[in-house]
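# Close look at the chain arrangement
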Amino acid sequence: RMTNLLGIEFAPMHVPLERRLQTLGVFYHCFLFLVAPLVVLYMIGWMLFNGYALVIAAYFVWLWWDWGSPYQGAYASRYFQNLRIHKWFCGYFPLNIYPTAELPSDKNYLIGFHPHGVISISAYNFMSNGTGLLDRFPHINFHLCTLVGNFYVPLRREWFLLHGVINCSKESLRYVLGNERKGQAAVLVVGGAEEALDAHPGRYVLTLKHRKGFIKLALETGAHLVPSFGFGENDLYCQAANEQGSTVRNMQEWVKQLCGVSPVIAYGRSVFTYNFGLLPFRKKLDTVLGAPIPVEKTENPNQEQIDALHALYISRLTQLFDEHKARYGVPEEDELVIH
């Protein structure tokens, strides 16, 4: 039975093994993102001062040789993508994905994922087989895009690459979508760090109105655009009040401009507590993958073509949200707000 002490809700001692394994799956992912960089730095320092400098040197030789992989499609391994830990992770919320159309393998796709949320947990749909997505589309190679800084941490870098994750730069996206290979799908969390600041439970605010670089890239490569929406993503953490114009928001935006990362002030739960910690809450996550929007390859698209496709994309995304919101717990009167 749950215990409440000083407002903190403690988890009961006796929890089914399946739920403990699911929590382990989420702890594993949060460890990789939040703690692993510090652990790796400590490990490198310890090895340097304890006679293992040659091991560190060998790794940096490998790093020099493999430096281009985040820009060249990574090297996804179905073994790693099918690890049991991913099933536990997806079962925690649970996390599910619902495609609304087929993705023929003779095309390439640029999938726009919305919303960013605090740490884009629903985007994990595309980096493992935890939800069965890779079995559903066995001839599509999914590449989740992330910031280049995530590839600066040794070992975690290789973990990303083994799950098909690539750098979100234009160079990297053009390599995946613009060559002769087909059946490639790049997944871009369009709203980025700015949108993370609007990730409040029960709100659906997207940073999209002036985000047109991915539209231009789709035209240049001929990749078909696919809108997707992660219902429940913004409910995973409680974020401090930071309305536009507030002191908190101004400070967050200043830090974001300085280092490119949004300093989100948020809390979730932990392994032992239900209302305090860094782990996400157990909230149902339902990602709806829309139908592809056909795009004709245009080597030098003009602004009119970009604006027209951008407007069509927003229209399809809004339609996707409106058609499915009631099914996934969003009140009928709630609307998608696009900034």
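Counting of residues starts from 1 at the beginning of each chain's written sequence and follows it residue by residue. Per-residue local features are limited, in this predicted model, to residues with pLDDT of at least 70; the limit for side-chain atom pairs, both in listing and counting, is 80 or more; totals at the level of whole chains, interfaces and linings are taken over all residues. No hydrogens and no water enter the side-chain calculation; it runs on all heavy atoms of the structure.

### Side note on the UniProt feature "transmembrane region" (unreviewed entry) in the protein chain
Our working rule: UniProt positions are given in the numbering used here, feature names are shortened, and annotations may be inferred rather than shown by experiment. The numbering of helices and of strands both runs from the N terminus, where a helix is a DSSP run of H or I of at least 4 residues and a strand a run of E of at least 2.
As recorded in UniProt, the sites labelled "transmembrane region" (unreviewed entry) are residues 21-40 and 46-65. With 100% helix and 0% strand, residues 21-40 has its two end C-alpha atoms placed 25 Å apart. Structurally, residues 46-65 is divided into 80% helix and 0% strand, and its ends, taken at the C-alpha atoms, are 24 Å apart.

### Here we look at unusual backbone geometry
Just so we agree on the cut-off: Each residue gets one of three labels from its accessible area relative to the maximum for its type: buried under 20%, exposed over 50%, partly exposed in between, using a 1.4 Å probe on protein chains only.
Here the bond from Phe-93 into Pro-94 is cis, since omega is -5°, no more than 30 degrees from zero. Mapping Pro-94 onto the fold places it in the loop between helix H4 (84-92) and strand E3 (95-99). Going from His-114 to Pro-115, the amide bond is cis rather than trans, its omega being -10°. In this fold, Pro-115 is placed in the loop between strand E4 (109-114) and helix H5 (133-136). For Ala-74, which is not glycine, the phi torsion reads 60° and is therefore positive. Judged by its relative accessible area of 17%, Ala-74 falls in the buried class. For Leu-155, which is not glycine, the phi dihedral falls at a positive 75°.

### Brief notes about the layout of surface pockets
Just so we agree on the cut-off: The distinction between a cavity and a pocket rests on a 1 Å grid over the protein atoms alone: a 1.4 Å probe fits inside a cavity but cannot get out, while a pocket stays open yet meets protein on both sides within 12 Å along at least five of seven lines, and a residue with an atom within 4 Å of a point counts as lining. Grid points are joined across faces, edges and corners, and a volume is the space filled by probe spheres set on the points. The residue classification treats Ala, Val, Leu, Ile, Met, Phe, Trp, Tyr, Cys and Pro as nonpolar and Asp, Glu, Lys and Arg as charged. All others, Gly included, are polar.
As a volume, the largest pocket reaches approximately 1,400 Å³. If you trace the largest pocket, you find 47 residues lining it, with His-116, Ser-120, Thr-146, Leu-147 and Ala-193 closest to the centre. Every element with two or more residues in the lining of the largest pocket is listed here: helix H1 (17-48), strand E5 (141-146), helix H6 (156-162), helix H7 (170-177), strand E7 (184-189), helix H8 (192-196) and helix H9 (213-221). Among the elements that take part in the lining of the largest pocket, H9 stands out by supplying five residues, more than any other. Taken as a whole, the second largest pocket spans an internal volume of roughly 240 Å³. In terms of lining residues, the second largest pocket is bounded by 13 residues, among which Ala-11, Val-15, Arg-20, Thr-23 and Val-271 are the most central. Each residue belonging to the lining of the second largest pocket can be placed in one class, and the counts come to eight nonpolar, one polar and four charged.

### What about the environment of Tyr-98?
Defined as follows: Every residue pair with non-hydrogen atoms within 4.5 Å of one another is taken to be in contact. Polar contacts, as counted here, are pairs of nitrogen or oxygen atoms within 3.5 Å of one another; within protein the pair requires one atom able to donate a hydrogen and one able to accept it, and residues that are adjacent in sequence qualify only if both atoms are side-chain atoms.
Within the secondary structure layout, Tyr-98 lies in strand E3. Judged by its relative accessible area of 31%, Tyr-98 is partly exposed. On a C-alpha basis, the gap between Tyr-98 and Tyr-313 in space is 19 Å, while along the polypeptide they are 215 residues apart. Setting aside residues up to four positions removed in sequence, Tyr-98 forms contacts with Lys-284, Asp-286, Thr-287, Val-288, Leu-289 and Tyr-328. In terms of polar contacts, Tyr-98 uses its side chain to reach the side chain of Asp-286, at 3.4 Å.

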